[in-house]
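The chain contents come next:
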Amino acid sequence: MTSSYSAEQIQVLEGLDPVRKRPGMYIGSTGPRGLHHLVYEVVDNSVDEALAGYCTHIEIELNEDGSCSVTDDGRGIPTDTHPTTGKSALETVMTVLHAGGKFGGGGYKVSGGLHGVGISVVNALSEWVEVTVWREKKVHTQRYERGIPVTELISEPHPENQQGTSVSFLPDAEIFSETREFDYNTLAGRLKELAYLNAGVKITFSDRRQTPERVEAYCYEGGIREYVTYMTREKEPLHKDIIYVSGERNDVQVEVALQWCVDAYSDNLLGFANNIRTIDGGTHLEGLKTVLTRTINTVARKRNKIKENEANLAGENVREGLTGVVSVKVPDPEFEGQTKTKLGNTEVRGIVDSLVGEVLSEYLEFNPHVADSVIDKAIQAFKAAEAARNARELVRRKSVLESSPLPGKLADCSTRDPAESEIFLVEGDSAGGSAKQGRDRRFQAILPLRGKILNIEKTDDSKIYKNNEIQSLITALGLGIKGEEFDASALRYHRIVIMTDADVDGAHIRTLLLTFFYRYQRDLVDQGYIYIACPPLYKIERGRNHYYCYSDRELQQQLATFPPNASYNIQRFKGLGEMMPAQLWETTMNPESRTLKRIEIEDAAEADRIFTVLMGDRVAPRREFIETHGSRLNLVDLDI
Ligand code: 0RA
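Calculation notes
- Residues numbered from 1 in each chain as written.
- Predicted model: local features only at pLDDT ≥ 70, side-chain atom pairs only at ≥ 80, totals over all residues.
- Heavy atoms only, no water.
- Salt bridge = Lys/Arg side-chain N within 4 Å of Asp/Glu carboxyl O.
- Helix = DSSP H or I, 4+ residues; strand = E, 2+ residues; numbered from the N terminus.
- Buried < 20%, exposed > 50% of the residue type's maximum accessible area, 1.4 Å probe, protein only.
- Pairing = 2+ DSSP bridges.
- Contact = heavy atoms within 4.5 Å.
- Axes fitted to C-alpha atoms, helices over the stretch in contact; angles between N-to-C directions.
- Near = heavy atom within 4 Å.
- Polar contact = N/O pair within 3.5 Å; in protein donor to acceptor, adjacent residues only side chain to side chain.
- Areas by Shrake-Rupley, 256 points an atom, 1.4 Å probe, with all protein chains shown as cover.
- Nonpolar A, V, L, I, M, F, W, Y, C, P; charged D, E, K, R; others polar.
- Parallel < 35°, antiparallel > 145°, perpendicular 65-115°, else oblique.
- Arc of directions from axis to C-beta.
- Left-handed = near helix turned anticlockwise from the far one by under 90°.
- Expected span 1.5 Å × (residues − 1).

A.B. asks: Tell me about the pattern of salt bridges, residues and numbers included.
C.D. replies: Any two side chains of opposite charge can pair, on the condition that their charged atoms come close. In the structure shown here, the tally under the stated rule is 31 salt bridges. One salt bridge in this structure joins R208 and E59, with 4.0 Å as the shortest N-O distance. Here E59 lies in strand β1 (residues 57-62) and R208 lies in the loop between β8 (202-207) and β9 (214-218), a separation of 149 residues in the sequence. The class for E59 is partly exposed, based on a relative accessible area of 23%. For D429, the salt bridge goes to R450, with nearest N and O atoms at 3.3 Å. Here D429 is found in helix α14 (residues 429-438), whereas its partner R450 is found in the loop between β18 (444-449) and α15 (461-464), with 21 residues between them in sequence. A single salt-bridge network, built from bridges that share partners, covers R20, R146, D172 and E174.

A.B. asks: For the sheet that holds strand β14 (residues 322-329), give the residues involved together with the corresponding values.
C.D. replies: Spatial ordering of the open sheet is given by β10-β11-β14-β12-β13, a layout of 5 strands whose pairing is mixed. Edge strands, defined here as strands with exactly one partner in the open sheet, are β10 (243-249) and β13 (276-277). Pairing of strand β12 (residues 268-273) with β14, which is carried by 6 bridges, proceeds in the parallel orientation. By the bridge assignment for β14, G271 is matched with V326. This element, helix α11 (residues 346-366), spans β10, β11 (252-260) and β14 of the sheet and lies at about 135 degrees to β10.

A.B. asks: Tell me about the environment of H98, residues and numbers included.
C.D. replies: In this structure, H98 sits in the loop between α5 (89-95) and α6 (119-124). Here the alpha-carbon distance between H98 and L16, two residues 82 residues apart in the chain, equals 9.9 Å.

A.B. asks: Tell me what's going on with the site of the ligand, and back it up with residues and numbers.
C.D. replies: Within the structure, the ligand sits among 11 residues, and N45, E49, D72, R75 and R135 are positioned closest to it. D72 places a polar side-chain atom, nitrogen or oxygen, 2.6 Å from a nitrogen atom of the ligand. Considered on its own, the ligand offers 470 Å² of accessible surface; in the complex 87% of this is hidden by protein. Of the residues forming the shell around the ligand, the biggest block, 3 residues, is contributed by helix α4 (residues 32-51). When grouped by side-chain class, the residues that make up the shell around the ligand number 3 nonpolar, 4 polar and 4 charged.

A.B. asks: Mind laying out the packing of α14 against helix α20 (residues 581-589), listing which residues take part and the relevant values?
C.D. replies: Contact geometry of α14 with α20 gives a least axis separation of 8 Å together with a crossing angle of 80 degrees. With respect to α20, the element α14 is oriented roughly perpendicular. Taking contact as the criterion, the partners of S434, A435, Q437 and G438 in α14 are, on α20, P581, L584, W585 and M589. Of the residues assigned to the contact of α14 with α20, the class counts are 5 nonpolar, 3 polar and no charged.

A.B. asks: Requested: an account of unusual backbone geometry, with residues and values cited.
C.D. replies: In this chain, T211 is followed by P212 through a cis amide linkage whose omega measures -5 degrees. Inspection of the secondary structure assignment puts P212 in the loop between β8 and β9. Non-glycine residue R146 carries a positive phi angle of around 50 degrees. Structurally, R146 is set in the loop between β4 (138-145) and β5 (148-149). Of note in this structure, D251 is not a glycine but carries a positive phi near 70 degrees. Tracing the chain through its elements places D251 in the loop between β10 and β11. A residue is classified by how much of its surface remains accessible, and D251, at 57% relative accessible area, is exposed.

A.B. asks: Just give me the short version of α14, but keep the residues and values in it.
C.D. replies: Every buried residue belonging to α14 is among A431, G432, S434, A435 and G438, and all of these are buried. When α14 is viewed along its axis, its buried side chains cluster within an angular range of 165 degrees and face the same direction. Away from its buried face by more than 90 degrees, α14 exposes S430 and Q437. Close packing links the buried residues of α14 with β17 (422-427), β18, β19 (495-499) and α20.

A.B. asks: So what's going on with the pairing of β8? Which residues, and what values?
C.D. replies: For β8, a buried count of 5 out of 6 residues is recorded, marking the element as mostly surrounded by other parts of the structure. Relative to β8, β1 runs parallel, the two being bridged by 6 bridges. Within β8, the residue paired with E61 across the bridge is S206. Between the end of β8 and the start of β9, which pair antiparallel, lie 6 residues.

A.B. asks: Before we move on, can you summarise the packing of helix α9 (residues 283-302) against α11 with the specific residues and values?
C.D. replies: Put simply, α9 and α11 touch, their axes get as near as 8 Å, and they point 30 degrees apart. When you trace α9 past α11, the crossing you get is right-handed. The residues of α11 that touch α9, namely those facing T283, H284, E286, G287, L288, T290, V291, L292, R294, T295, I296 and V299, are T346, V348, R349, V352, D353, V356, G357, L360, S361 and L364.

A.B. asks: Residue-level account of helix α7 (residues 184-197), with values.
C.D. replies: For an α-helix the count is 3.6 residues per turn, leaving residues at separations of three or four pointing the same way. Between its first and last C-alpha, α7 extends 20 Å over 14 residues, near the 20 Å set by a 1.5 Å rise per residue. Those residues of α7 that fall on the buried side of the exposure criterion are Y184, L187, A188, R190, L191, E193, L194, A195, Y196 and L197.

In C-alpha cells form, the structure reads like this:
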C-alpha cells in the first residue's frame, strides 16, 4: 500500500470516460482480440486470487444471450466502504480506472502488464455487468450499465458458507461493432494455457450458446510439466522425465520444464511472464538459453564428448529438438517492444540462469544416460549444420538458386513486373492443366506440384536442396538460401497463391507448403506474400441462373432463397481438376470475382507449436488440430 499521497492514489480518482472514448488504448483493439481481452481481464483477477492461495476453481460460461460469466471461489471482492471514494470497495473496483490492485491488503497483485488494466475497463465497455459476491454468509449484488451503477449494492443474508465472486458481462455493441461473438477455440486455448501455467487451479469452460452445451474442465497438477508433455505428445522423447526447475530469488519466481525429443529439428521454447505469453522473448528466455548452452558444453567436456581442441556446441545445436516452457512471475514486470510481449526486467536473466544452472547440472550428473543422449543429439546437430553449410555452398557454387533455368513445368506469365505477377501453386497435373487454360497469362503463372511436397519440418537442411519439388519452388519464386535474410527484390511474384482442393488432402498439401514457407523463409509469410485461393464447393443451376457456393452454409443459404417447389441441380466439385478452365477462372482466379485469403501469423510462437504439431508423425491428431486450431493462422479475407 502507498503511504504518501502518490500518483497511484490520484489515479484512483479517474473515471471511466476515457475508456469508452479510446477503448483501443486499454484493450488493444475493438476487434475480436479486444473482445476476448475482456474475458481474460476478468479471469486474470480470479487467477490472481488463486495465486494468492484463496481460490481453487474458476468457471467461465458463455451464455445464450451472448454474455460471459466468470465465477470463482476466492475470498470475494470486498464490499465494505472505501475511505477515499466513500463508495463500497466493490463499486470502486468496478467504476474507477486502475483501482484493481489497491484494495484489501498488499497480497493482491495484478497478473499482467498486457492485461491488468482492471476490471473497470470491462465494466466501461459492457452494455451491462452484474457482480455477485458471496462473503460472510451474505450475498451482495450490483448491476452496471456502460460502467454506471444502476442499482445499489444489495446485500442479503445467504445461509451457506459460500465464498467467491461472479462477474457477468455483455460486451457493448456500440464499442464492439465488428463482432460480439466469443470464439470457443480462442478462449479454450487461453484457458487451457492458464491452467497449465497455474498448477492445480481448476478451470471449467462451458459454452451454453448451443445445444448440446459444451463443457470442458482443465486442471493440471503437474503444471508446466504437463504442458511440455502435451507439446511433445506427437514426438519421441529422448528422456522420459521432464526436467523441472522451480525456485524463487529476490521475489522473482521461476519455473522451467524441458524435454528433448529425438525426431525434432527445431526448438520450441515458450516464455511466459506473469501468465502472459512473451511472444518476443526477453530476459527469462535469454537466461535460459545461456545456461543451457553453458551447462551442456561443460558437461560434454567433462564427459569427454568434446575434446580440448574442439569448438563448443552452439546454442542452436544444444536446443535442437528441445521443447520447453519458462514461466516467471515478476513483481514489477516491464514489457517491451511494439506489442509489449518482450520481458525487459534485466534481473530476471541472471536469476533464471543461476536457478536452472544448479538443477540442470545436478540432474545431468545423476542421469548420465540422459546427459549422453542430449549431448550426442547436439553433436549430431552440430555436424548436420556443418553438412548443410557445405550443401548450401555447393548449391551456391552450382548457382542453382541464383541463375538456374526456371523449372520446365512452370507456365510463366508474360509480364516481368513482380509487383503485378501472381503464381498459383497447384496440386497435380490435372488441376494444373485447368489452371493453365483458365488463367490470364499476362500476369498469372502456374506451377503444378506433383504429389505431397517434402515435409520440411522433419528433414535436415542437406536433404531440402536435393528435393525436386522444393528445387522447383525455390527457383520459380526466386527464393534465396534457407534462413538467410530475405531478399524481396529477387522475388519473382508478389502474390504466391496456394490453390489446393477443398478436401483433407488439399488441406494437408496446403499445410506442407505453409510449413515450407514458414521454415524456409519466414519473411515471405510475415510480409504478407502468401495467399490461399478459395475454390467453390458447389455449383447450383436453376433455370438460366447459376450460383457458386464456397461452403455448406452458403449452399444452405442460397437454397433457402428458392421457393419450396423450385427445381435445381447441385454439382459438388470434388477437386479443382473437375472444373472447366473457364469456371476456375471465374470462381477462383479472376481478380474481379475471386476471394483470396492472405496468411497472417498473429502469434509467431503459437504458430511454431502449431506447425510442430501439424507436422507430427501421426495423421489423426493432426487433422483434428487443423480443424480446431486453424484459426490461429489468421486468414484475412481480401477481395482482390
Ligand atoms: C481485493 C482484496 C481481496 C480480494 C479481492 C480483491 C478479489 C478480487 C477478485 C476479482 C475476481 N475475483 C476476486 N476475488 C477476490 C481480499 C479481501 C479479503 O481480505 O477478504
